[in-house]
Amino acid sequence: MESVRPFQIDVPSSDVEGLQQRLRSSRIPELFETSWERGPPSDDIKRIAKYWADEFNWRAFEKRLNELPQYEATVNRSKSADAIPLLFVHGWPGSFYEVTRILPLLRDSEKNGGPAFHVVAPSLPNFGFSSRVDGPGFGIRQYADTCHRLMQLLGYTQYASQGGDWGSQISLAIGNFYPESLRAIHLNLIAALPPPVTSPFSFIPFLATHFLGLYTEKESAGLKAAQDYQENGSGYFKIQNTRPNTIGVALADSPVGLLAWIYDKLVSWTDNYAWTEQEVCEWVSLYWFSRAGPAASVVIYHEATRGDWTARPGVAVPGAKMGFSYFPREMFSTPRAWNRRLGDVVLEQEHDRGGHFAAWEVPELLVGDLRVMFGKGGGAHGVIKS
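In this text, all values refer to a predicted model and were calculated from it rather than measured experimentally. (Residues numbered from 1 in each chain as written. Predicted model: local features only at pLDDT ≥ 70, side-chain atom pairs only at ≥ 80, totals over all residues. Heavy atoms only, no water.)

Peer 1: Tell me about the packing of helix 5 (residues 140-153) against helix 6 (residues 166-177), and please be specific about residues and values.
Peer 2: It is at 8 Å that the axes of helix 5 and helix 6 come closest, and there the two elements cross at 75°. Relative to helix 6, helix 5 is oriented roughly perpendicular. Seen from helix 5, the contacting residues are Ile-140, Arg-141, Tyr-143, Ala-144 and Cys-147; seen from helix 6, they are Trp-166, Gln-169, Ile-170, Ala-173, Ile-174 and Phe-177. Tallied by class, residues from the contact of helix 5 with helix 6 come to 9 nonpolar, 1 polar and 1 charged. (Axes fitted to C-alpha atoms, helices over the stretch in contact; angles between N-to-C directions. Helix = DSSP H or I, 4+ residues; strand = E, 2+ residues; numbered from the N terminus. Parallel < 35°, antiparallel > 145°, perpendicular 65-115°, else oblique. Contact = heavy atoms within 4.5 Å. Nonpolar A, V, L, I, M, F, W, Y, C, P; charged D, E, K, R; others polar.)

Peer 1: Lay out the nonpolar core in plain terms, naming residues and giving numbers.
Peer 2: Trp-52, Trp-58, Trp-92, Ile-170, Ile-174 and Leu-259 are the most contacted members of the largest nonpolar core, which has 87 residues in total. Counting residues in hydrophobic clusters, the runner-up holds 27 residues, among them Ile-102, Ala-358, Leu-370 and Ile-384. (Core = buried A, V, L, I, M, F, W, Y, C linked by side-chain atoms within 4.5 Å. Buried < 20%, exposed > 50% of the residue type's maximum accessible area, 1.4 Å probe, protein only.)

Peer 1: I'd like a rundown of empty space enclosed by the protein, residues and numbers included.
Peer 2: A full pass over the atoms with the stated rule returns 2 cavities of 30 Å³ or more. Estimated volume of the largest cavity: approximately 130 Å³. Phe-88, Glu-98, Gly-164, Asn-188 and His-356 are the residues nearest the centre of the largest cavity, which is lined by 16 residues in total. Those elements giving two or more residues to the lining of the largest cavity turn out to be strand 2 (84-89) and helix 15 (358-361). Among the residues forming the lining of the largest cavity, the class breakdown is 7 nonpolar, 7 polar and 2 charged. (1 Å grid on protein atoms, 1.4 Å probe; cavity = no way out; pocket = protein on both sides within 12 Å on 5 of 7 lines; lining within 4 Å. Points joined across faces, edges and corners; volume = space filled by probe spheres on them.)

By themselves, these observations are geometric and do not establish any function.
What follows is the structure, encoded as structure tokens:
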């Protein structure tokens, strides 16, 4: 990107009308299963699809989005010269829209005695209203480079990052490639590995803890969730990783297919969050009307496991202060001793509610952790030099 240009969302009326026509002519199968064991019940999909076609007002939602200061990224600046530049990195099936739940709380942080923040929430390439990536080879390294260049372009030579889902892996990659700039990382999806046998002082306690079952109740639940995810919840990942073009055609052609594919994750990955039809349609519409199209968003799963930097558990960032927020309905979590091997961990906060989309589900908890981490007395206080 060579410059920062103002941007307004303006989806053509023909696209909005075309979506409504597709929804009204959809063929939703009658499914015998009424539980979530096989995926979203067809009655749920019918109800939300009808709302999307007949009641959801894209123009009203578009107007609300355009009230945000939008450029190539959504930027919210504090008036404080000492505010902390905070890069908010979304994942799939999220978007920049998630940040709108935490923006008011971050904006009021300084008034309430906490640190001030400059928030930068980009739509990643292939998502939202960012451009399409044409051609292969755009993986985690390239996403990290893009986010870092954006922060440099905005004048932030040092900054912090907050991420879950792909935002976690992208933040860790930035910390490895640009340690002089990314001085602190806060994550709400943490994946680590047990210590290797080559580190006896860590490996021996790990063996004792593992074989004697000395994990805490929440750690045991996190490991069980990881096993359940691998056995019952990772099918989408394998499909998007190995055949993104195949699933991409289906998602780009059928709005109801896209709805079912995303709605499955919204419900499965949250902590009994009461999604309204309006919210679901907003989230899914940002994929349907995205500049690159719904198919482009799943390509990251293919590219993330290829190239010179791959997504994987146990990525350490020695040069940055790190903070971890644990939510009980996250897809999975690893034991805290494993996680502390990722770097200089200055904050660990266990929560009793919340899931994968913490910024949307429990924004007050996520912001509370950021305020503690970066506020006076916090482990990352003063680490970023303006």
